[in-house]
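What follows is the residue order along each chain.
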Amino acid sequence: DLDDDMIVQNNFTSTSTNSGNNISAVGAETHTISVTGNVIHSGTNNIYGAVTLVMNGTTAQTVTTSSTGKLGSLRISNTSATVELGSDLKMNGRLTIDPSATLDVTNNNYDITLNTGVTSPSDTGWVRNGVFTQRQGTVTFNSDLQPGWNAAITGATTFYDLAFTGTGYGWDLDDDMIVQNNFTSTSTNGGNNISAVGAETHTISVTGNVIHSGTNN
């Protein structure tokens, strides 16, 4: 359990093979791990959403995650060079791209999956203030939130493939979105999986197909 923030001057590596949360915050606290080098997460453990890895180096950085374990929250703050994915990215928290920062899924077209889990939506969501280079990757928003809890998607974003999945309540749009290929929704919750914040109205412009096979609205 982290009781304070941490700074890593080079690489952050997690190879733990436990099946639970290997790194979490004390109680209801939130903490950051600022990383100047790369993030290598090759274990099966998870990092709690209240723990944010902050990519704030001054040269190119890479984020690599395992096929089973998940990061917590991730903040792209490097304004000097691009942060690239070195694998598909699986998360249990919020993805934030700060102004003048860039996250690139690379020519490998790595996918991003944001899982809300069942905890408070304050630790989850998508915030794009910088550049998201989507190429031909898929971004999946997967929700298991309790009724009445929605996570926010903030910042007008262009995706290639966009998918909404899960069995929980869903996602509040705070901006318009563009989908360059297919939009898919397979969520099976009984409420509104995708809605607009407050009294706002928003659009999702789709160039490809719309596949709505779930029971959500």
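Only a predicted model underlies this, so the values are computations on that prediction, with no experimental measurement involved.

Conventions and cut-offs
Residues numbered from 1 in each chain as written. Predicted model: local features only at pLDDT ≥ 70, side-chain atom pairs only at ≥ 80, totals over all residues. Heavy atoms only, no water. Helix = DSSP H or I, 4+ residues; strand = E, 2+ residues; numbered from the N terminus. Rg over C-alpha atoms; globule rule 2.2 N^0.38 Å. Buried < 20%, exposed > 50% of the residue type's maximum accessible area, 1.4 Å probe, protein only. Contact = heavy atoms within 4.5 Å. Patch = residues over 30% accessible without salt bridge, like charges linked within 9 Å, V, L, I, M, F, W, Y side chains within 5 Å. Areas by Shrake-Rupley, 256 points an atom, 1.4 Å probe, with all protein chains shown as cover. Salt bridge = Lys/Arg side-chain N within 4 Å of Asp/Glu carboxyl O. Lys, Arg positive; Asp, Glu negative; His and termini not counted. Charge placed at Lys NZ, Arg CZ, Asp CG, Glu CD. Pairing = 2+ DSSP bridges. Axes fitted to C-alpha atoms, helices over the stretch in contact; angles between N-to-C directions. Phe/Tyr/Trp six-rings, centres within 6.5 Å; stacked < 30°, edge-to-face > 60°. 1 Å grid on protein atoms, 1.4 Å probe; cavity = no way out; pocket = protein on both sides within 12 Å on 5 of 7 lines; lining within 4 Å. Points joined across faces, edges and corners; volume = space filled by probe spheres on them. Nonpolar A, V, L, I, M, F, W, Y, C, P; charged D, E, K, R; others polar. Core = buried A, V, L, I, M, F, W, Y, C linked by side-chain atoms within 4.5 Å.

Q: What's the story with the overall build of the protein chain in this structure? I'm lost.
A: Within the protein chain, the regular secondary structure consists of zero helices and 26 strands. Its C-alpha radius of gyration of 16 Å places the protein chain within 12% of the 17 Å reference for a compact globule of 217 residues. If one aligns the C-alpha atoms of the protein chain with their principal axes, the spans along those axes are about 45 × 35 × 30 Å. Put simply, the protein chain has 217 residues, and 47% of those count as buried. Taking the intrachain contacts of the protein chain between residues at least 6 apart in sequence as the baseline, contacts between residues at least 24 apart amount to 52%.

Q: What should I look at first to understand a negative patch on the surface in this one?
A: The grouping of Asp 1, Asp 3, Asp 4 and Asp 5 at the surface amounts to a negative patch. As for its position among the elements, Asp 5 is in the segment before β1 (6-8).

Q: Would you mind going over the sheet that holds strand β25 (residues 204-206) with me for this structure?
A: What links the strands of a sheet is backbone hydrogen bonding, and the strands pair in either a parallel or an antiparallel sense. Read from one edge to the other, the open sheet built from three strands follows the order β19-β22-β25, with strand pairing classed as parallel. The sheet terminates laterally at β19 (157-159) and β25, the two strands that pair on one side only. Across this sheet, the average inter-strand angle for adjacent strands is 15°, counted without regard to direction.

Q: I keep staring at the sheet that holds strand β23 (residues 183-185) and nothing clicks. Help me out?
A: Sheet architecture is open: six strands sit in the order β11-β14-β17-β20-β23-β26, paired in parallel fashion. Bordering the open sheet on either side are β11 (89-91) and β26 (210-212), each of which pairs with just one other strand. Across the sheet, the mean angle from the axis of one strand to that of its neighbour is 10°, orientation sign disregarded.

Q: Quick question: what am I supposed to make of the packing of aromatic side chains here?
A: Under the criterion given, the structure shown has eight aromatic pairs. Between Phe 141 and Phe 164 the ring centres are 5.4 Å apart and the planes differ by 25°, which places this aromatic pair in the stacked class. Remark: Phe 164 occurs in strand β20 (residues 161-166) and Phe 141 occurs in strand β17 (residues 138-143); sequence separation between them is 23 residues. Looking at Phe 141, the relative accessible area reads 0%, which means it is buried. Assessed through its relative accessible area of 0%, Phe 164 is described here as buried.

Q: I keep staring at the layout of surface pockets and nothing clicks. Help me out?
A: If you roll a probe as big as a water molecule over the atoms, it shows you where there is empty space left. Here the largest pocket defines a volume of roughly 190 Å³. Thr 32, Thr 52, Ser 73, Arg 75 and Arg 94 are, among the 14 residues lining the largest pocket, the residues nearest its centre. At the level of elements, β4 (31-35), β7 (51-55), β9 (73-76) and β12 (94-97) are the ones that each hand at least two residues to the lining of the largest pocket. Sort the elements by how many residues they give to the lining of the largest pocket and β9 lands first, with three residues. Its residues assigned to classes, the lining of the largest pocket shows three nonpolar, eight polar and three charged.

Q: Is there a simple way to explain the side chain of Thr 96 in this structure?
A: Along the chain, Thr 96 turns up in strand β12. Leaving out residues up to four positions away in the same chain, Thr 96 has contacts with Leu 74, Arg 75, Ile 76 and Val 127.

Q: Got a minute to help me understand unusual backbone geometry in this structure?
A: A positive phi angle, near 70°, is found at Ser 100, a position not held by glycine. Of note in this structure, Thr 106 is not a glycine but carries a positive phi near 70°. Counting through the fold element by element, Thr 106 comes out in the loop between β13 (102-104) and β14 (112-115).

Q: Help me out: how do you make sense of the nonpolar core in this one?
A: The tendency in soluble globular proteins is for nonpolar side chains to be buried side by side. Ile 112 and Phe 141 are the most contacted members of the largest nonpolar core, which has 43 residues in total. If one sorts the elements of this core by residue count, β7 sits on top with three residues. The contact partners of Ile 112, leaving out residues within four places of it in the chain, are Leu 85, Leu 89, Leu 95, Leu 103, Val 105, Phe 132, Thr 138, Val 139 and Thr 140.

Q: For this particular structure, what's the right way to read the environment of Ser 195?
A: Relative to the assigned elements, Ser 195 resides in strand β24 (residues 194-196). Given the relative accessible area of 22%, Ser 195 is considered partly exposed. When the C-alpha positions of Ser 195 and Asn 181 are compared, they lie 21 Å apart, and in sequence the two are 14 residues distant. Discounting residues that sit within four places of it in the chain, Ser 195 has contacts with Asn 150, Trp 171, Asp 172 and Leu 173.

Any functional reading would require information that these geometric values do not contain.
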